[in-house]
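Below are the chains, spelled out letter by letter.
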Amino acid sequence: MSDKVFIEGLEIETLIGIYDWERRIRQTLVFDIEMAFDNRIPAASDDIALTLNYKDVSKRLIDYVGQSGFGLVETLAERCAEIILAEFKVSHVRLKLSKPGAVRGARAVGVIIEREKGSE
């Protein structure tokens, strides 16, 4: 299956970082997410209840990330991928987590991870 549902440029404010100054401010992180999902069934029925609802995925991540307080973007990316695989009918997720402004001269830094259901 090569169908994907994506969320691009999802901005979420959170407390993240290892330095003292980072622990005192909320920073905006940017998420780009691709999720493997068979779109044939919802396409055939035109029924939103059968889709992978990207609004629901976005809201779940906004709630989780907004309340988190990890030191590393690597840890946060792993937890977000775990949530998507566990709570939504997704077999594979590719998640890019960007931390804008973290390094002088770079627009953003971060991580890209890919995880599959059942391979944790």
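Further up the page is the structure itself.
Notes on the structure follow. (Residues numbered from 1 in each chain as written. Predicted model: local features only at pLDDT ≥ 70, side-chain atom pairs only at ≥ 80, totals over all residues. Heavy atoms only, no water.)

## Details of the sheet that holds strand 1 (residues 4-14)
Phase 1 of the analysis: Taken in spatial order, the four strands make up an open sheet running 1-2-3-4, and their pairing is antiparallel. With one partner strand each, in any of the chains shown, strand 1 and strand 4 (108-116) form the two edges of the open sheet. Ignoring strand direction, the axes of neighbouring strands in this sheet form an average angle of 15 degrees.
Phase 2 of the analysis: Of the strand pairs in this sheet, strand 3 (residues 92-100) and strand 4 are connected by nine bridges, and their pairing is antiparallel. Bridge assignment links serine 98 to a residue of strand 4, and that residue is glycine 110. (Pairing = 2+ DSSP bridges. Helix = DSSP H or I, 4+ residues; strand = E, 2+ residues; numbered from the N terminus. Axes fitted to C-alpha atoms, helices over the stretch in contact; angles between N-to-C directions.)

## Here's the deal with a nonpolar patch on the surface
Phase 1 of the analysis: On the surface, Ile18, Tyr19, Trp21, Ile25 and Leu72 cluster together into a nonpolar patch covering about 530 Å² of accessible area.
Phase 2 of the analysis: Within the secondary structure, isoleucine 18 sits in the loop between strand 1 and strand 2 (27-36). (Patch = residues over 30% accessible without salt bridge, like charges linked within 9 Å, V, L, I, M, F, W, Y side chains within 5 Å. Areas by Shrake-Rupley, 256 points an atom, 1.4 Å probe, with all protein chains shown as cover. Salt bridge = Lys/Arg side-chain N within 4 Å of Asp/Glu carboxyl O.)

## Considering the side chain of histidine 92
Phase 1 of the analysis: By the element assignment, histidine 92 lies in strand 3.
Phase 2 of the analysis: A distance of 3.2 Å separates polar atoms of two side chains, one belonging to histidine 92 and the other to glutamate 114.
Phase 3 of the analysis: If we skip the residues at most four places from it in the chain, histidine 92 touches Glu34, Met35, Ala36, Leu85, Glu114, Arg115 and Glu116. (Polar contact = N/O pair within 3.5 Å; in protein donor to acceptor, adjacent residues only side chain to side chain. Contact = heavy atoms within 4.5 Å.)

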